[in-house]
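Descriptive structure summary
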Amino acid sequence: MFIRPIHFIPANTKIDFVAKRWWAFSVTIILVLITIGALFEKGLNLGIDFKGGILIEAQAPDTVDVAALRGKLDGLGLGEIALQQFGSPKDVLIRIQRQEGDEAAQTKAIQQVRDTLGTTYEYRRVEVVGPTVGAELLHAGILATILAIGAISLWVAVRFEWQFGLAAMIATLHDVFVTVGFYAVLQLDFNLTAVAALLTLAGYSINDTVVVFDRIRETLRRQKATDLRAVINDAVNQTLSRTTMTAGTTLLALLPLVYMGGPTLINFSAALTWGILVGTYSSIYVAAALLLYMPSLKRIEKK
């Protein structure tokens with residue numbers, strides 16, 4: 001039985017994306033300025049992975065009364081304590097600020113929490129992250145993200161032309177940077193999971209961009225001299241259905257995680273959802289339009 005393919009976007013659209021690039025560039029500038037302002041005003045809400053502290057994941061025999069448990073732990077005098085339920089109502093995630101002193105002070109704080117919770121709790125994870133290790137992890141995460149974007153852009157430059165690589169790097173940096181701003185504006189915990197989200201987003205964003213660039217290259221092979229604006233518009237219109245379907249199906253997988261994943265997954269799923277929306281927009285409006293402001297591509301004349 002033949003099943004007709006689903007098209008949310010008509011197959012032969014004739015939208016002039018290049019003419020609308022200034023609106024897209026304006027949105028980009030606004031998002032970048034908001035990100036810079038949030039980073040200077042609020043900064044990133046670094047998680048225990050990066051600033052150090054104690055992390056305890058435990059399961060109670062019955063549903064956890066978070067308010068009552070918080071009252072008990074606040075009485076220990078351990079400083080800032082954050083409690084989050086995740087998974088089932090019996091699971092609780094306890095974050096405690098790093099205690100002054102050496103490892104013995106951290107071990108003492110963990111034992112105090114264990115004594116308060118009692119023997120009925122099952123401890124699934126107990127971690128202590130020092131500030132030095134946290135700083136090293138933060139630097140390593142930033143370096144990994146930058147190197148990943150650089151390596152991807154270099155591959156695009158070799159696979160296509162250097163103008164494509166530069167445009168891809170700018171567009172991907174834009175997507176990742178604006179997603180960092182998402183963390184800063186909402187003050188979501190920025191931890192190793194957030195770095196994983198940024199790396200995932202970089203790969204997703206460049207994949208969408210390369211599809212458009214590949215269509216531009218195919219047009220250049222068929223036509224040795226044409227208007228670059230027309231080439232960009234044709235490429236984006238021809239890949240528009242694929243781009244929107246890819247984003248839509250990915251969002252269908254992410255939205256349940258946003259609404260039902262709980263505090264443990266919200267940092268990853270919400271940021272990645274935002275990043276996909278931004279990445280799809282930049283692939284359609286920004287990445288290819290940047291080619292208009294670079295030296296002429298091979299076999300093409302700018303008009």
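Since this is a predicted model, take the numbers as computed values, not measurements. (Residues numbered from 1 in each chain as written. Predicted model: local features only at pLDDT ≥ 70, side-chain atom pairs only at ≥ 80, totals over all residues. Heavy atoms only, no water.)

Before going further, it helps to spend a moment on the overall build of the protein chain. For the protein chain, the helix and strand inventory stands at 9 helices and 6 strands. Within the protein chain, buried positions represent 45% of all 303 residues. Considering only intrachain contacts with a sequence separation of at least 6, the fraction spanning at least 24 residues in the protein chain is 78%. Carbon and sulfur atoms provide 63% of the accessible area of the protein chain, an area that totals close to 15700 Å². (Helix = DSSP H or I, 4+ residues; strand = E, 2+ residues; numbered from the N terminus. Buried < 20%, exposed > 50% of the residue type's maximum accessible area, 1.4 Å probe, protein only. Contact = heavy atoms within 4.5 Å. Areas by Shrake-Rupley, 256 points an atom, 1.4 Å probe, with all protein chains shown as cover.)

The description of two aromatic rings rests on the distance between their centres and on the angle between their planes. Across all of its chains, the model carries 7 aromatic pairs by this definition. Ring centres 6.2 Å apart and planes at 65° place the aromatic pair W22 and Y293 in the edge-to-face group. Placement of the pair is W22 in helix α1 (residues 21–41) and Y293 in the segment after α9 (263–286), with a sequence separation of 271 residues. Seen from the ring of Y123, R114 lies directly overhead, with NZ or CZ sitting 4.2 Å from the centre. (Phe/Tyr/Trp six-rings, centres within 6.5 Å; stacked < 30°, edge-to-face > 60°. Lys NZ or Arg CZ within 6 Å of the ring centre and 35° of its normal.)

Take the side chain of E57 next. If you trace the backbone, E57 turns up in strand β2 (residues 53–59). Residue classification places E57 among the buried residues on the basis of a relative accessible area of 15%. In contact with E57, not counting residues within four places along its chain, are F86, V92, L93, E122, Y123, R124 and R125.

Turning next to the nonpolar core. With 35 residues, the main nonpolar core has V156, F164, F213, I216, I232 and L291 as its most contacted residues. Secondary-structure elements contributing two or more residues to this core are α1, α6 (162–186), α7 (192–222), α8 (228–260) and α9. Every residue in contact with V156, bar those within four places of it in the chain, is listed here: E161, F164, G165, A168, I206, V210 and F213. Counting residues in hydrophobic clusters, the runner-up holds 19 residues, among them I54, V66, L73 and V92. (Core = buried A, V, L, I, M, F, W, Y, C linked by side-chain atoms within 4.5 Å.)

Looking now at the environment of K90. Its location among the elements puts K90 in the loop between β3 (81–85) and β4 (91–97). Put simply, K90 and T63 are 27 residues apart on the chain and 4.5 Å apart in space, counted from C-alpha to C-alpha.

Under the definition given, this model contains 3 salt bridges. Close ionic contact of D91 with R124 constitutes a salt bridge, the shortest N to O distance being 4.0 Å. Taken together, the positions of D91 in strand β4 and R124 in strand β5 (residues 122–129) put the pair 33 residues apart, joining distant regions of the chain. Assessed through its relative accessible area of 7%, D91 is described here as buried. R124 sits in the partly exposed class, given a relative accessible area of 44%. When the shortest N-O distance is used, the salt bridge between D208 and R242 registers 2.6 Å. (Salt bridge = Lys/Arg side-chain N within 4 Å of Asp/Glu carboxyl O.)

Turning our eyes to something else, we now look at the side chain of T273. As for its placement among the helices and strands, T273 is situated in helix α9. Within the local environment of T273, its side chain forms a polar contact with the backbone oxygen of S269, the two atoms lying 2.7 Å apart. Sequence-distant contacts of T273, defined by excluding residues within four places in its chain, comprise L251, L254, L255 and V258. (Polar contact = N/O pair within 3.5 Å; in protein donor to acceptor, adjacent residues only side chain to side chain.)

For the rest of this paragraph, the subject is the sheet that holds β4. The pairing of strands in a sheet happens through backbone hydrogen bonds and is either parallel or antiparallel. The strand order across the open sheet built from 4 strands is β3-β4-β2-β5, with neighbouring strands paired in antiparallel fashion. The open sheet terminates on both sides in strands that have one partner only, identified here as β3 and β5. Here the average twist between neighbouring strands, direction ignored, is 15°. The pairing of β2 with β4 spans 7 bridges and is classified as antiparallel. What sits directly across from L55, in β4, is R95. Strand contacts of helix α3 (residues 66–74): β3 and β4, with the helix running at about 160° to β3, the strand carrying the most contacts. Of the strands in this sheet, β2, β4 and β5 are in contact with helix α4 (residues 103–117), which crosses β5 at around 155°. (Pairing = 2+ DSSP bridges. Axes fitted to C-alpha atoms, helices over the stretch in contact; angles between N-to-C directions.)

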